Amino acid sequence: MHYWVRASASDFSGTLPQPRSGHTAVPIGKSKIVVFGGLHDKKFLNDVAVYDIENKLWFQPECTGNGSDVQVAPSPRAFHVAVAIDCHMFIFGGRSGNRRLGDFWVLDTDIWQWSELTSFGDLPSSRDFSAASAIGNRKIVMHGGWDGKKWLSDVYILDTISLEWVELSVTGSLPPPRCGHTATMVEKRLLVFGGRGGGGPIMSDLWALKGLIEEENETPGWTQLKLPGQSPSPRCGHTVTSGGHYLLLFGGHGTGGWLSRYDIYYNDCIVLDRLSAQWKRLPIGNEPPAARAYHSLTNIGSRYLLFGGFDGKLTYGDIWWLVPEGDPIAKWFIESPQKYVPDSKGMAAENIQSAFKESQRENDAIAELQRTLGISVSLSGPVLQILDESEDREFIELGSRLIGERVSSDKQGLLNQTIEVLRDHWRTSTPISIPLKELGPLLRDYQRLISRHHLANIGSDFQSIDSWLSGKEAYKFFHLKNVSQLRMDDIPKLLAEYKKILHEHNASGARAGIEEHSL
């Protein structure tokens, strides 16, 4: 079991970095984490913020240039790549305004000195949203990105001693071009996951690249990996962080579907277990941070440090620890559970009301959604008709997008997995992170769980249910005929009730009996 614990300013010395997204945060040895750049309120940043791990201190070093350049530091940017080799942080590319960048810098963190590097060889084109990782303690591998005109699938290797770039010639099958993905070096292989591909689709494929280690004498080649378990839904702007024998994937965003104007932002934790070679959900004992993308998640021993990000409306400046159950931070949390009180720096909860008002101004978007998509809960006479999961087309289609595979009602095992993944998605969602298109399936599943597991002993006719519900403060949305009857300020209440019902449903072991129920 792991726990999310939100840090406060009083937990650190020094000045915390300002909110941002699209920044980088790299560990330098075991002593510090260096944050660079990012985007906040349409302003691109080029500041350096450092977390001193041992002293729990945040500080902003006064960085100098090497004396030979007129420009002392990299220009403000976001969506660049940053890789640490020993005490050096290498920076390449990114975006500043509408310009893609192709410059190359290194920061010596022993003396806090920037140097712009003149490299040679097969120079990469200017790009943003690419992904990179260290190969040992000398080389860097970079893959893909967006050059402003096309998605890229090229692979470059940089020797940080000679400063020579080499474009890797790869034979055989290639991953589709992409940006906003992750690239993580695991022993001898580079693992690439997700991203946005050519033409705009968001992907959930996993690829491994061999041939990066000279001593192995392997021919470079890509292999698509299809691992068992609860694989992540399609996404980009996520993070993959190495920790022990597993890789931890957190956050990112996907699409709400071609009929939706809204993206889905995630706050789930999914582990790629290197020992069993399968995907697993990381058990979390409390509510996670708000869903987000283009954040940073850095490993510090058995802990992970989350900072910043963006959820489509808000830029975050909050700092969270993800810690195992035995960690002192987790013990403190269990003994004194935190109340999530947002500060003034981009916290989602404080802006829910204003965000809902903004949605209301869009011509009553929920009513428009119902008209466009035909979302409803059908009624026949006085009896409330509850669709089974397999008959709820929108419910199954939404779950199919989350698992990245088309699901049909005759594939019971995959159907059960889809139901579990979708419910887990809602369990970890916040009101502001749920696209309007999801409200119909969410309301129907809420009514389905009540009718199936909470009203089994009082009769199935509408009059008996109505009589029982009349004295209940909860379950106030059971009577709704369709989602257009929801007000915007009902959404947090509906989600809270749904999570409570789902918790009771899971605790009763009803999840294993989905096939046995027929309404």
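Rules and cut-offs
Numbering of residues starts from 1 in every chain and runs along the sequence as written. Owing to the predicted nature of the model, reporting of local features is limited to residues with pLDDT of at least 70; listing and counting of side-chain atom pairs is limited to 80 or more, with chain, interface and lining totals taken over all residues. Just so you know, side-chain values use all the structure's heavy atoms and leave hydrogens and water out. Every helix listed is a DSSP run of H or I at least four residues long, and every strand listed is a run of E at least two residues long, numbered separately from the N terminus. Each residue is assigned to one of three classes by its accessible area relative to the maximum for its type, calculated with a 1.4 Å probe on protein chains only: buried under 20%, partly exposed between the two thresholds, exposed over 50%. Residue contacts are defined here by distance: any two heavy atoms, one from each residue, within 4.5 Å place the two residues in contact. Only the protein chains shown count as cover for residues, and all accessible areas are computed by the Shrake-Rupley method using a 1.4 Å probe. Buried Ala, Val, Leu, Ile, Met, Phe, Trp, Tyr and Cys residues form a nonpolar core when they are joined through side-chain atoms within 4.5 Å. Orientation is described by lines fitted to C-alpha atoms, with helices fitted over the stretch in contact, and by angles between N-to-C directions that extend from 0 to 180 degrees. Here the word oblique covers every angle except those under 35 degrees (roughly parallel), over 145 (roughly antiparallel) and from 65 to 115 (roughly perpendicular). Gly is placed with the polar residues, together with every amino acid not listed as nonpolar (Ala, Val, Leu, Ile, Met, Phe, Trp, Tyr, Cys and Pro) or charged (Asp, Glu, Lys and Arg). Between any two strands, pairing holds if DSSP finds at least two bridges. Here a cavity denotes grid points, spaced 1 Å and computed from the protein atoms alone, that fit a 1.4 Å probe unable to get out, and a pocket denotes an open set having protein on both sides within 12 Å along at least 5 of 7 lines; residues with an atom within 4 Å of a point are the lining. Grid points are joined across faces, edges and corners, and a volume is the space filled by probe spheres set on the points. Pairs of cysteine sulfur atoms within 2.5 Å are identified as disulfides in what follows. Side-chain rings of Phe, Tyr and Trp (the six-membered ring for Trp) are treated as a pair once their centres are within 6.5 Å; stacked means planes under 30 degrees apart, edge-to-face means over 60, and tilted covers the remaining angles. Whether a charge sits over a ring comes down to the Lys NZ or Arg CZ being within 6 Å of the ring centre and within 35 degrees of the ring normal. Counted as salt bridges are all cases of a side-chain nitrogen of Lys or Arg within 4 Å of a carboxyl oxygen of Asp or Glu.

Can you explain the overall build of the protein? Please cite residues and give values.
Secondary structure summary: the protein contains eight helices and 31 strands in total. For the protein, the proportion of its 519 residues judged to be buried stands at 54%. For the protein, the share of sequence-separated contacts (at least 6 apart) that also reach a separation of at least 24 residues comes to 59%. Carbon together with sulfur atoms contributes 49% to the accessible area of the protein, which is approximately 23,000 Å² in total.

Give me the lowdown on the nonpolar core, citing residues and values where you can.
Trp426, Leu442, Tyr446, Phe477, Leu494 and Tyr498 are the most contacted members of the largest nonpolar core, which has 34 residues in total. Those elements that provide at least two residues to this core are α4 (393-403), α5 (412-427), α6 (439-454) and α8 (491-507). In this view, Phe477 contacts Leu443, Tyr446, Gln447, Leu486, Asp490, Lys493, Leu494 and Glu497; residues no more than four positions away in its chain are not counted. One finds Tyr3, Ile33, Val35 and Ile319 within the second-largest nonpolar core, a separate group that totals 18 residues.

So what's going on with the packing of α4 against α5? Which residues, and what values?
One can describe the packing of α4 onto α5 by two numbers: an axis separation of 9 Å at closest approach and a directional angle of 85°. Here α5 runs roughly perpendicular to α4, going by the angle between their axes. Residues Phe395, Ile396, Leu398, Gly399, Ser400, Leu402 and Ile403 of α4 form the contact with α5, whose participating residues are Leu414, Leu415, Thr418, Ile419, Val421, Leu422, Arg423, His425 and Trp426. Among the residues making up the contact of α4 with α5, the classes are represented as eleven nonpolar, four polar and one charged.

If you had to explain the sheet that holds strand β29 (residues 319-324) to someone new, which residues and values would you point to?
Spatially, β1-β29-β28-β27 is the arrangement adopted by the four strands of the open sheet, whose pairing is antiparallel. Sheet topology places β1 (2-6) and β27 (296-300) at the edges, where each strand pairs with a single neighbour. Geometrically, the sheet is characterised by an average inter-axis angle of 20° between neighbouring strands, direction not taken into account.

Run through the environment of Val240, naming residues and quoting values.
Position of Val240 relative to the elements: it lies in strand β21 (residues 239-243). In contact with Val240, other than residues within four places in its own chain, are Thr182, Thr184, Leu247, Leu248 and Leu249.

Can you break down the layout of surface pockets residue by residue, with the values?
Estimates place the volume of the largest pocket at around 1,300 Å³. Looking at the largest pocket, it is lined by 42 residues, and the ones nearest its centre are Ala25, Val26, Ala82, Ala132 and Val240. Looking at the lining of the largest pocket, the elements with two or more residues in it are β3 (24-28), β7 (81-85), β12 (131-135), β17 (182-186), β21 and β27. Taken together, the residues of the lining of the largest pocket break down into 19 nonpolar, 22 polar and one charged.

Pulling in residues and values, what's your account of the state of the cysteines?
Any covalent bond linking the sulfur atoms of two cysteines counts as a disulfide. Counted under the stated rule, the structure contains zero disulfides. Cys179 carries a free sulfur, and the closest cysteine sulfur to it, the one in Cys236, is 6.9 Å from it.

How would you sum up the packing of aromatic side chains? Please name residues and give values.
With the rule as written, the count across this model stands at 22 aromatic pairs. Aromatic pair Tyr51 and Trp58: ring centres 5.1 Å apart, planes at 35°, arrangement tilted. Trp58 sits in the buried class, given a relative accessible area of 2%. Put simply, the rings of Phe12, Tyr51, Trp58, Phe307 and Trp321 pair up and form one aromatic cluster. Between Arg235 and the ring centre of Tyr266, over which it is positioned, the NZ or CZ distance is 4.2 Å. For Arg448, the ring lying beneath its charged end belongs to Phe395, and the centroid distance is 4.8 Å.

Requested: an account of the pattern of salt bridges, with residues and values cited.
Two side chains bearing opposite charge may form a pair once their charged atoms approach each other closely. Inspection of the entire model under this criterion finds 28 salt bridges. Where Lys188 meets Glu216, a salt bridge forms, and the shortest distance between an N and an O atom there is 3.3 Å. Here the residue Lys188 occupies a position in the loop between β17 and β18 (189-197), and Glu216 occupies one in the loop between β19 (202-210) and β20 (221-225), the gap between them amounting to 28 residues. Looking at Lys188, the relative accessible area reads 40%, which means it is partly exposed. Classification of Glu216 as partly exposed rests on a relative accessible area of 34%. In this structure, Arg235 engages Asp268 in a salt bridge whose closest nitrogen and oxygen atoms are separated by 2.8 Å. Of this pair, Arg235 sits in the loop between β20 and β21 while Asp268 sits in the loop between β24 (263-265) and β25 (269-273), and the two are 33 residues apart along the sequence. With respect to burial, Arg235 and Asp268 carry one shared label: buried. Here the salt bridges do not stand alone but share partners, grouping Glu389, Asp392, Glu394, Arg423, Arg444, Asp445 and Arg448 into one network.

Report on empty space enclosed by the protein, specifying residues and quantitative values.
Rolling a probe over the atoms, with the probe sized like a water molecule, indicates the empty space that remains. Within the structure shown, the criterion is met by six cavities of 30 Å³ or more. Taken as a whole, the largest cavity encloses approximately 110 Å³ of empty space. Tyr266, Asp268, Arg281, His425 and Thr428 are the residues nearest the centre of the largest cavity, which is lined by 15 residues in total. With three residues, the single largest contributor to the lining of the largest cavity is α5. A per-class count over the lining of the largest cavity returns five nonpolar, six polar and four charged. Volume-wise, the second largest cavity comes out at about 90 Å³. If you go around the second largest cavity, the residues you meet are Thr182, Thr184, Leu191, Phe193, Leu206, Val240, Leu247, Leu249, Ile270, Leu272 and Trp279. Within the residue set of the lining of the second largest cavity, elements represented by two or more residues are β17, β18, β22 (246-250) and β25. Its residues assigned to classes, the lining of the second largest cavity shows nine nonpolar, two polar and no charged.

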